[in-house]
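The primary structure of each chain is shown beneath.
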Amino acid sequence: MHESLTIGQLSARSGVAQSALRYYERLGLIRADRTGGNQRRYARTELRRVAFVRISQQVGISLEEIRTALDSLPSSRAPSPDDWAALSRTWRERLDERIKLLGKLRDDLDGCIGCGCLSLQRCTLYNPDDSLAREGPGARLALPRREGPVTPS
């Protein structure tokens, strides 16, 4: 392996604890070769994968989804910019929805904190008599609306 990194070096370069790197490896998010003494050695390309995992987690993508995405990348070579771009396109719509929802939360939260009415007369989240229960669990007024019949989960 060309210019491999020890787990300590990968940890120092990525800012991720060694225990987290071992966990990522167990989940199949990153790969290591083993020396004759059973020590981990990581290709430098694993730095990109670790960065991708951390950034994806920061925007709320689950580790299972991250693993599925990483599994779509070539294993025989380092991913190219085109590989990364194709992968990011698969999440673009979802991230746009999340950004929209976060903006709505920010704006509604400002209103909730600022109004102080506690009477629920102006609350944009108020759901009298739980009338939205038939649409499914959770904060139905805050979540994006889905078209079609609701099936209980």
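Computed from a prediction, not measured in an experiment: that's the story for all the values here.

S.K.: Let's hear about the overall build of the protein chain: which residues, and what values?
M.R.: Broken down by element type, the protein chain carries 5 helices and 2 strands. Its helices and strands taken in sequence order, the protein chain reads α-α-β-β-α-α-α from the N to the C terminus. The proportion of buried residues among the 153 residues of the protein chain is 23%. Nonlocal contacts in the protein chain, meaning residues at least 24 apart in sequence, comprise 50% of its contacts between residues at least 6 apart. If you sum the accessible surface of the protein chain, you get close to 10800 Å²; carbon and sulfur atoms cover 52% of it.

S.K.: With reference to specific residues and values, describe the environment of Ala-86.
M.R.: Mapped onto the elements, Ala-86 comes out in helix α5 (residues 81-115). Ala-86 gets classed as partly exposed once you look at its relative accessible area, which sits at 33%. For the pair formed by Ala-86 and Ser-72, sequence separation is 14 residues and the distance between their alpha carbons is 9.8 Å.

S.K.: Tell me about the layout of surface pockets, and name the residues and values.
M.R.: Of the pockets and cavities examined, the second largest pocket occupies roughly 200 Å³. Together, Ala-51, Phe-52, Ile-55, Ser-56, Val-59, Trp-84, Ser-88, Trp-91, Arg-92 and Leu-95 line the second largest pocket. Those elements that place two or more of their residues in the lining of the second largest pocket are α3 (46-58) and α5. Among the elements that line the lining of the second largest pocket, the one with the most residues is α5, at 5 residues. A class-by-class count of the residues in the lining of the second largest pocket yields 7 nonpolar, 2 polar and 1 charged.

S.K.: Mind laying out the packing of helix α1 (residues 7-14) against helix α2 (residues 18-27), listing which residues take part and the relevant values?
M.R.: Their axes nearest at 9 Å, the elements α1 and α2 cross at an angle of 105°. Taken as axis vectors, α1 and α2 run roughly perpendicular relative to one another. Residue-level contacts link Ile-7, Gly-8, Leu-10, Ser-11 and Ser-14 of α1 to Gln-18, Leu-21 and Arg-22 of α2.

S.K.: Can you tell me about the pattern of salt bridges, naming the residues and giving the values?
M.R.: Under the defined criterion, the tally for this structure stands at 5 salt bridges. A salt bridge links Glu-3 to Arg-44, with the shortest nitrogen-to-oxygen separation between them at 3.2 Å. With Glu-3 in the segment before α1 and Arg-44 in the loop between β2 (40-41) and α3, this residue pair connects regions lying 41 residues apart in the sequence. When its relative accessible area of 59% is taken as the criterion, Glu-3 is described as exposed. Looking at Arg-44, the relative accessible area reads 36%, which means it is partly exposed.

S.K.: Go over the packing of α3 against helix α4 (residues 63-71) with me, naming the residues and quoting the values.
M.R.: Look at α3 against α4: their axes get within 10 Å of each other, and the N-to-C directions meet at 140°. When the axes of α3 and α4 are compared, the pair comes out oblique. When you trace α3 past α4, the crossing you get is right-handed. Contacts between α3 and α4 involve Arg-49, Phe-52, Val-53, Ser-56 and Gln-57 from the first element and Leu-63, Ile-66 and Leu-70 from the second. Classifying every residue of the contact of α3 with α4 by side-chain character gives 5 nonpolar, 2 polar and 1 charged.

S.K.: Would you mind going over the nonpolar core in detail, with residue names and values included?
M.R.: Of all hydrophobic cores here, the largest spans 21 residues; its most connected members are Leu-10, Leu-21, Ile-66 and Leu-70. Listing elements by their share of this core, those giving two or more residues are α1, α2, α3, α4 and α5. Among the elements that make up this core, the one with the highest residue count is α3 (4 residues). Not counting residues within four places of it along the chain, the set of residues in contact with Leu-70 comprises Leu-29, Arg-49, Phe-52, Val-53, Trp-84 and Leu-87.

About the cut-offs
- Residues numbered from 1 in each chain as written.
- Predicted model: local features only at pLDDT ≥ 70, side-chain atom pairs only at ≥ 80, totals over all residues.
- Heavy atoms only, no water.
- Helix = DSSP H or I, 4+ residues; strand = E, 2+ residues; numbered from the N terminus.
- Buried < 20%, exposed > 50% of the residue type's maximum accessible area, 1.4 Å probe, protein only.
- Contact = heavy atoms within 4.5 Å.
- Areas by Shrake-Rupley, 256 points an atom, 1.4 Å probe, with all protein chains shown as cover.
- 1 Å grid on protein atoms, 1.4 Å probe; cavity = no way out; pocket = protein on both sides within 12 Å on 5 of 7 lines; lining within 4 Å.
- Points joined across faces, edges and corners; volume = space filled by probe spheres on them.
- Nonpolar A, V, L, I, M, F, W, Y, C, P; charged D, E, K, R; others polar.
- Axes fitted to C-alpha atoms, helices over the stretch in contact; angles between N-to-C directions.
- Parallel < 35°, antiparallel > 145°, perpendicular 65-115°, else oblique.
- Salt bridge = Lys/Arg side-chain N within 4 Å of Asp/Glu carboxyl O.
- Left-handed = near helix turned anticlockwise from the far one by under 90°.
- Core = buried A, V, L, I, M, F, W, Y, C linked by side-chain atoms within 4.5 Å.

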